[in-house]
Amino acid sequence: YPLRSEAKEAVVACKQAGVEVAMVTGDHPVTAFAIARELGLADDQKQVVTGYELNQTNDNSDEFDRLVSTARVFARVEPTQKLNIVHSLQRHGHFVAATGDGANDAPALKAAEVGVAMGKYGTDVARESSELIITDDNFSSIVAGIEEGRVAYNNVRKVIFLLISTGSGAIGLFILALFR
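For the structure given in this document, a descriptive report is provided here. (Residues numbered from 1 in each chain as written. Predicted model: local features only at pLDDT ≥ 70, side-chain atom pairs only at ≥ 80, totals over all residues. Heavy atoms only, no water.)

## As for the sheet that holds strand β2 (residues 48–50)
Spatially, the 3 strands line up as an open sheet ordered β1-β3-β2, and their pairing is parallel. Only two strands of the sheet have a single partner each, and these edge strands are β1 (23–24) and β2. Pairing between β1 and strand β3 (residues 73–75): 2 bridges, direction parallel. Directly across from Val24, in β3, lies its bridge partner Phe74. Where helix α2 (residues 29–39) meets the sheet, its contacts fall on β1, β2 and β3, and the angle it forms with β3 comes to roughly 155°. (Pairing = 2+ DSSP bridges. Helix = DSSP H or I, 4+ residues; strand = E, 2+ residues; numbered from the N terminus. Contact = heavy atoms within 4.5 Å. Axes fitted to C-alpha atoms, helices over the stretch in contact; angles between N-to-C directions.)

Right under this line is the structure:
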């Protein structure tokens, strides 16, 4: 499939919002690099880590973690390697959201803090393994969801601050009234 026109804008919006995007695919490294270059994820073929390179390290090793932390494009990756990439990112304190549409993505979707399945062309296994389902299979919908979630989170924080402020004021008045 050709790259969707809104995908590049969505990746840029993610970067501006502080969200790191990584592409993990079973595609050939040349194909993965071509797509990653269009998305702005990579500008050199050496930035693509292959499943073969991941296999050369132990899944829980420092070398594996170094490969995962420095790369943003992974090609010819097997389902177990997708899962190991998610675990590696989590070990280093990242909040991981994984997207996928196939049965091979299910373990990574389940292990991530937020699994996002593609609902239009995704498999039932992927949808059942995830917490969110994107009905239009569009990455920019995820970006819009992040923006809306941040607005809701900020509003909840403001309400909590208001309630604590007014509550502590009321408690202070009550205590002062007791000493009178």
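Further notes follow.
## Describing a nonpolar patch on the surface
A cluster of nonpolar side chains, contributed by Ile171, Phe174, Ile175, Leu178 and Phe179, occupies part of the molecular surface with about 600 Å² of accessible area. Relative to the assigned elements, Ile171 resides in helix α8 (residues 139–178). Taking relative accessible area as the criterion, Ile171 reaches 54% and is therefore assigned exposed. (Patch = residues over 30% accessible without salt bridge, like charges linked within 9 Å, V, L, I, M, F, W, Y side chains within 5 Å. Areas by Shrake-Rupley, 256 points an atom, 1.4 Å probe, with all protein chains shown as cover. Salt bridge = Lys/Arg side-chain N within 4 Å of Asp/Glu carboxyl O. Buried < 20%, exposed > 50% of the residue type's maximum accessible area, 1.4 Å probe, protein only.)

## A short note on the pairing of strand β5 (residues 114–118)
For β5, a buried count of 4 out of 5 residues is recorded, marking the element as mostly surrounded by other parts of the structure. Two strands pair when backbone bridges link them, and strand β4 (residues 97–100) and β5 are joined in this way by 4 bridges, in the parallel orientation. Across the sheet, Ala98 pairs through a bridge with Gly115, a residue of β5. As for the winding sense of the linkage, the β-α-β connection from β4 through helix α6 (residues 106–111) to β5 is right-handed. Inspection of the sheet shows β5 paired to strand β6 (residues 132–134) by 3 bridges, in the parallel sense. Along β6, the bridge assignment pairs Ala117 with Ile133. Assessed by its sense of winding, the connection that carries the chain from β5 through helix α7 (residues 124–129) to β6 is right-handed. (Right-handed = clockwise from strand over helix to strand, strands pointing away.)

Remember that the coordinates give geometry; whether it matters functionally is a separate question.
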